[in-house]
Amino acid sequence: MKIGIIGLGDIAQKGYLPVLSEKEGIELVLCTRNKDTLNRLSEKYRINEKVLTVDELISTNIDAAFVSAATEAHFEIAEKLLKSGIPTYIDKPISMKLHETKKITELSKETNTLAMVGFNRRFIPKVKELKKHGKPSLILIQKNRFSLPDYIRRFVAEDFIHVVDTLRFLMDTTVLDVKVVSQKNGEMLDQLIIQLIGEGCIAMGIMNRNGGVTEEIIEYSTGLDKYVVNNLTETTHYHNKEISIAKSGDWEPTLYKRGFYQIVDHFIDSAKNSKVPDPSIDDSLITHEICEGIVKQIDQDA
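Residues numbered from 1 in each chain as written. Predicted model: local features only at pLDDT ≥ 70, side-chain atom pairs only at ≥ 80, totals over all residues. Heavy atoms only, no water.

Chemist: Looking at this structure, I do not really get the packing of helix α4 (residues 71-83) against helix α5 (residues 98-110). What am I missing?
Modeler: α5 packs onto α4 with a crossing angle of 10° between their chain directions and a minimal axis gap of 10 Å. Considering the angle they form, α4 stands roughly parallel to α5. Across the interface between the two elements, Phe75, Ala78, Glu79, Leu82 and Lys83 from α4 touch Glu100, Lys103, Ile104, Leu107 and Ser108 from α5. When its residues are assigned to classes, the contact of α4 with α5 shows five nonpolar, one polar and four charged. (Axes fitted to C-alpha atoms, helices over the stretch in contact; angles between N-to-C directions. Helix = DSSP H or I, 4+ residues; strand = E, 2+ residues; numbered from the N terminus. Parallel < 35°, antiparallel > 145°, perpendicular 65-115°, else oblique. Contact = heavy atoms within 4.5 Å. Nonpolar A, V, L, I, M, F, W, Y, C, P; charged D, E, K, R; others polar.)

In structure tokens:
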């Protein structure tokens, strides 16, 4: 199977390239306009085929593509790939603009070509196993960053979108209402708190990007039991006065603990066998729509 990787920035280098380069039966083609990066990575991973443009990449007859370029370039790249009938994995978000996200969703259907968004937290073992403990009544996710305020749309669409999608995944029910509280510092957004209301479940998402620590904590309550996942690798189970801790295996690779191996395998399997991925492009659109609503609740002109 011949797979193109478009955009060789931080996430591609940390997440996708190490995983894809290990897979057997895969022929990789690298694509970026940065010649220095292209040459360095092709040499590092011993990848012979490399191109500078998406049009060149398409002409190599790839079977699927991973889009991990700058968000601003996602729409144009994904549009070309889908129009060429190439199954396309798009790192989140699809676009900063909701109308472009909707167009990619529609194009996937019109061309009958698979498209999938890279919400890797759905594939993290410690996150996935929470759903085995029963239907939640209350979920709380905190995804905080050390001293990193940002403009509203970028804050929500490029980072907080992970919180929204993970809450939706764990709720496993339709979001009926969204409540938003935020704190700005001039044009920058420092803090954001949301409530997603579903049938029998309230899910809260918190992000403080002007705080003292980078952390990610998930609290999952099912009534008589509470599970706390700390930084995606350790789960503490509380039942009355009983406390137990389960950690990820010491020898498990970091990219496995963070779901990259699993999401890459899922996309490739879906592309090979013409299966609808999970999450589907329609499901991922719902997450994008909720994020757009959050942005507009904070600032109608953002």
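Structure shown, so let's carry the discussion forward.
Chemist: Please clarify how the layout of surface pockets should be interpreted in this entry.
Modeler: Rolled over the atoms, a probe as big as a water molecule pinpoints where empty space is left. Estimated volume of the largest pocket: approximately 850 Å³. Ile11, Lys92, Arg145, Glu158 and His162 are, among the 35 residues lining the largest pocket, the residues nearest its centre. Contributions of two or more residues to the lining of the largest pocket are made by α1 (10-22), α4, β7 (138-144), α7 (152-171), β12 (215-221) and α8 (254-257). Taken together, the residues of the lining of the largest pocket sort by class into nine nonpolar, 11 polar and 15 charged. (1 Å grid on protein atoms, 1.4 Å probe; cavity = no way out; pocket = protein on both sides within 12 Å on 5 of 7 lines; lining within 4 Å. Points joined across faces, edges and corners; volume = space filled by probe spheres on them.)

Chemist: Please explain the pairing of strand β4 (residues 64-67) as it appears in this structure.
Modeler: In the case of a regular strand, side chains alternate between the two sheet surfaces. Residues Ala64 and Phe66 line one face of β4 and the alternating positions Ala65 and Val67 line the opposite face, and both faces are buried. As judged from the four bridges shared by strand β1 (residues 2-6) and β4, these two strands associate in the parallel manner. Looking across to β4, one finds that Ile5 is bridged to Phe66. The pairing of β4 with strand β5 (residues 88-90) spans three bridges and is classified as parallel. Bridge pairing in β5 places Ala65 opposite Thr88. Handedness of the β-α-β unit built from β4, α4 and β5 comes out right-handed. (Buried < 20%, exposed > 50% of the residue type's maximum accessible area, 1.4 Å probe, protein only. Pairing = 2+ DSSP bridges. Right-handed = clockwise from strand over helix to strand, strands pointing away.)

Chemist: Before we go on, may I ask you to explain the pattern of salt bridges in this structure?
Modeler: Evaluated as defined, the whole model comprises 24 salt bridges. Salt-bridge contacts for Asp282 lead to Lys109; the nearest nitrogen and oxygen are separated by 2.9 Å. Residue Asp282 is located in helix α10 (residues 281-298), and its partner Lys109 is located in helix α5; the two are separated by 173 residues in the primary sequence. For the salt bridge of Arg145 with Asp159, the shortest nitrogen-to-oxygen distance reads 2.5 Å. You can see Arg145 sitting in the loop between β7 and β8 (150-151) and its partner Asp159 sitting in helix α7, a full 14 residues away along the chain. Residue classification places Asp159 among the buried positions, given a relative accessible area of 5%. Among the charged side chains, a network of salt bridges with common partners joins Lys143, Arg145, Asp150, Arg154, Asp159 and Arg209. (Salt bridge = Lys/Arg side-chain N within 4 Å of Asp/Glu carboxyl O.)

Chemist: In this structure, what is going on with the packing of aromatic side chains? I would like to understand it.
Modeler: Centre-to-centre distance and the angle between the planes together describe a pair of aromatic rings. As enumerated under the stated definition, the model contains six aromatic pairs in all. The interplanar angle of 40° and the centroid separation of 5.8 Å between the aromatic rings of Tyr16 and Phe66 together place this pair among those described as tilted. Placement of Tyr16 in helix α1 and of Phe66 in strand β4 is noted, with a sequence separation of 50 residues between them. The exposure class assigned to Phe66 is buried, which follows from its relative accessible area of 1%. Aromatic side chains Phe66 and Phe267 sit 5.1 Å apart centroid to centroid with 75° between the ring planes, which places their arrangement in the edge-to-face category. On the criterion of sequence distance, the pair formed by Phe66 in strand β4 and Phe267 in helix α9 (residues 260-273) is long-range, its members being 201 residues apart. For Phe267, a relative accessible area of 0% corresponds to the buried category. Grouped by ring-pair contacts, the aromatic residues Tyr16, Phe66, Tyr89, Phe260 and Phe267 constitute a single cluster. Sitting above the plane of the Phe169 ring, Lys131 keeps its charged end 4.0 Å from the centroid. Residue placement shows Lys226 over the ring face of Tyr238; its charged tip is 6.0 Å from the ring centre. (Phe/Tyr/Trp six-rings, centres within 6.5 Å; stacked < 30°, edge-to-face > 60°. Lys NZ or Arg CZ within 6 Å of the ring centre and 35° of its normal.)

Chemist: Whenever I open this one, the environment of Ile194 confuses me. Can you help?
Modeler: Structurally, Ile194 can be placed in strand β10 (residues 188-198). The buried category is assigned to Ile194, whose relative accessible area is 0%. Taking the C-alpha atoms as reference points, Ile194 and Ala70, 124 residues apart in sequence, are found 27 Å from one another. When residues no more than four places from it in sequence are discounted, the contact partners of Ile194 are Phe160, Val164, Leu167, Lys179, Val180, Ala203, Met204, Gly205 and Ile294.

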